[in-house]
Amino acid sequence: MPLETFVIVGASLAGAKAAETLRQEGFEGRVVLVGEEVERPYERPPLSKGFLLGNDSRESAHVHSAEWYEAHRVELRVGTAATSLDRAAHEAVLASGERLRYDRLLLATGASPRRLAVPGAKLQGIHYLRTLQDAAVLREALSPGGRRVVVAGAGWIGLETAAAARTYGNDVTVIEPDPCPLHRHVGPEIGGVFADLHRRHGVNLRFDQGVAGFWGAGQVSAVVTSGGAEIPADVVIVGIGARPNTDLADDAGLEVSDGVLVDASLRTSDPDIYAAGDVAAFYHPVLGRRVRVEHWANALDGGQVAARAMLGQDVVHSSLPYFFTDQYELSMEMSGLASPGDYDEIVYRGEVDSLEFIAFWLDAGRVVAAMNVNVWDVTDDLRRLIAGAVRPDPARLTDPKTPLAELA
Ligand SMILES: Cc1cc2nc3c(=O)[nH]c(=O)nc-3n(C[C@H](O)[C@H](O)[C@H](O)COP(=O)(O)OP(=O)(O)OC[C@H]3O[C@@H](n4cnc5c(N)ncnc54)[C@H](O)[C@@H]3O)c2cc1C
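It should be emphasised that the depicted structure is a prediction, and the values quoted were computed from it without experimental measurement.

Draft legend 1. Inspection of the packing of aromatic side chains at higher detail. Throughout the structure, instances matching the rule amount to nine aromatic pairs. Note on phenylalanine 6 and phenylalanine 27: the rings are 4.3 Å apart at their centroids and 15 degrees apart in plane angle, and the pair reads as stacked. On the criterion of sequence distance, the pair formed by phenylalanine 6 in strand β1 (residues 5-9) and phenylalanine 27 in the loop between α1 (13-24) and β2 (30-35) is long-range, its members being 21 residues apart. Taking the relative accessible area as the measure of exposure, phenylalanine 27 reaches 9% and is therefore buried.

Given below as structure tokens:
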């Protein structure tokens, strides 16, 4: 039987991890990894943290060394977009016109920043952050310090870039339509912790208002808020969320609805096409609902699960959503999902004011999410608490002397 060809569209974390796993699992066929960006696969978390702050090198962000691809016979086609899928012929069509035949195909096309469509949106000095190149340009803009920086959006990227901008000594204002930072991700209680953190570091936070437009002659000079205020700005960073890159799937007639719809094995409505990472909306067997997760760990794990599923193994993508951030002196990890509506109470172990604590989001007594702030080596226990649908005694849960392992 001739060797099979597996094509991976999207050369970032999910795609690169899938290629790695195919080889680890002994796949001998052809592996082609197609990426629109010119850079070989890299991880994005440093782009708003260590790389933006000038502490991490460009090289350290890469998933594999340049030599790894040849050594593992992974044909890396960077700077090449796939423009369409011909499902009947089992071919991916590239921007060059080349047609790549596949036996199985993985969509790992990720997500792109949502753009503001307001007057002045095309002025110079307005930044979005998704790629290494975006981060390099933003670093140039922030690193001299002494600039007036306005951040639109108090989500993870908005807050991390605000922290970096302050660390460089800029004057920073964050504008957010919700009543607190991270409202949709963690709710108002922990959102308030992040608001206090940023205020202590001198960030000016303005909630309940969005961006109505920008002023400037060529270069942005002010942000106009929906409340009618004008905030002077030399640099603007827009972090208002991301949109899954579903165009290829859509055009090919795959099932799409805020992401490419896949089952728990990451298989799309076409049995020879899989999707993983930010672009995939998958049925989560532990959470019992369909989710699309824009987190590093989901791309890492999902790429591996998809590769195994493409090889015919009986696997499901069941790892819990996991996220981490670093802002000033606060570093944290979070497991599970904790949007308003997912929980009815939060309880704490440790000192919230001194930023050394674990927050537990409870729904009818069951732990649905947990965040460890400047407390380490607890993630496995926290994940067991969540995955096991445990209803711990709140007194023991909040008592630092009770080992978490006993509760889990
Ligand atoms: C600045 C920043 C900071 C972050 N920090 C954190 C963090 O601290 N913690 C955390 O958990 N997560 C973080 N994330 C999220 C995390 O980086 C993403 O979840 C992860 O990158 C998703 O990986 P992916 O491989 O699914 O998609 P992506 O990383 O989006 O990669 C998709 C790739 O596919 C390419 N592509 C798209 N369409 C095509 C096409 N038609 N043909 C060829 N190629 C195509 C794109 O150009 C891109 O290179 C951060 C993200 C950003 C942007």
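So that's the structure; there's more coming.
Draft legend 2. Geometry of the UniProt feature "domain: Reductase C-terminal" (unreviewed entry) in the chain. UniProt records the feature "domain: Reductase C-terminal" (unreviewed entry) at residues 322-408, using the numbering of this structure. Taken as a whole, residues 322-408 contains 20% helix and 41% strand, while its terminal C-alpha atoms sit 18 Å from one another.

Draft legend 3. Layout of the site of the ligand. Among the 34 residues in the neighbourhood of the ligand, the closest are listed as Glu37, Arg44, Lys49, Arg130 and Asp278. One nitrogen or oxygen atom from the side chain of serine 12 is found 2.8 Å from an oxygen atom belonging to the ligand. Between the ligand and glutamate 36, the relevant distance is 3.0 Å, taken from a nitrogen atom to a main-chain nitrogen or oxygen of the residue. For the ligand, the accessible surface in isolation is 1,000 Å², of which the surrounding protein chains cover 94%. Taken together, the elements giving at least two residues each to the shell around the ligand come down to α1, β2, α4 (156-167), α7 (296-310) and β22 (322-327). Partitioning the shell around the ligand into residue classes produces 17 nonpolar, nine polar and eight charged. Among the domains, domain 1 (5-112 + 243-310) and domain 2 (126-240) are the pair contributing at least three residues each to the shell around the ligand.

Draft legend 4. The sheet that holds strand β15 (residues 230-232), seen in detail. Taken together, the three strands give an open sheet; going across it, the order is β13-β14-β15, and neighbouring strands pair in antiparallel fashion. A single partner strand is all that each edge strand has here, and the edge strands are β13 (211-217) and β15. Within this sheet the neighbouring strands show an average axis-to-axis angle of 30 degrees, counted without direction. As defined by bridge partners, β13 adjoins strand β14 (residues 219-225) across six bridges and the pair is classed as antiparallel. Within the sheet, the bridge partner assigned to valine 211 lies in β14 and is threonine 225.

Draft legend 5. Representation of the pairing of strand β20 (residues 280-284) in the model. Counting buried positions along β20 yields four of five residues, so the element is predominantly enclosed. Of the strand pairs in this sheet, strand β18 (residues 260-262) and β20 are connected by three bridges, and their pairing is parallel. Along β20, the bridge assignment pairs valine 262 with phenylalanine 282. Pairing of β20 with strand β21 (residues 289-292), which is carried by four bridges, proceeds in the antiparallel orientation. From the neighbouring strand, phenylalanine 282 faces β21, where its bridge partner is valine 291. The hairpin turn running from β20 into β21, its antiparallel successor, is four residues long, and glycine 288 in that turn takes a positive phi close to 70 degrees.

Draft legend 6. Geometry of the side chain of arginine 349. Considering the arrangement of structural elements, one finds arginine 349 in strand β24 (residues 345-351). Here leucine 397 takes part through its backbone oxygen, which lies 2.7 Å from a polar atom of the side chain of arginine 349. A distance of 2.8 Å separates the side chain of arginine 349 from the backbone oxygen of threonine 402, its partner in a polar contact. Not counting residues up to four positions away in its chain, the partners in contact with arginine 349 are Glu356, Phe357, Ile358, Phe360, Arg396, Leu397, Thr398, Asp399, Pro400, Thr402, Leu404 and Leu407.

Criteria and thresholds
Residues numbered from 1 in each chain as written. Predicted model: local features only at pLDDT ≥ 70, side-chain atom pairs only at ≥ 80, totals over all residues. Heavy atoms only, no water. Phe/Tyr/Trp six-rings, centres within 6.5 Å; stacked < 30°, edge-to-face > 60°. Helix = DSSP H or I, 4+ residues; strand = E, 2+ residues; numbered from the N terminus. Buried < 20%, exposed > 50% of the residue type's maximum accessible area, 1.4 Å probe, protein only. UniProt positions renumbered as here; feature names shortened; annotations may be inferred. Near = heavy atom within 4 Å. Polar contact = N/O pair within 3.5 Å; in protein donor to acceptor, adjacent residues only side chain to side chain. Areas by Shrake-Rupley, 256 points an atom, 1.4 Å probe, with all protein chains shown as cover. Nonpolar A, V, L, I, M, F, W, Y, C, P; charged D, E, K, R; others polar. Domains from an automatic or database assignment. Pairing = 2+ DSSP bridges. Axes fitted to C-alpha atoms, helices over the stretch in contact; angles between N-to-C directions. Contact = heavy atoms within 4.5 Å.

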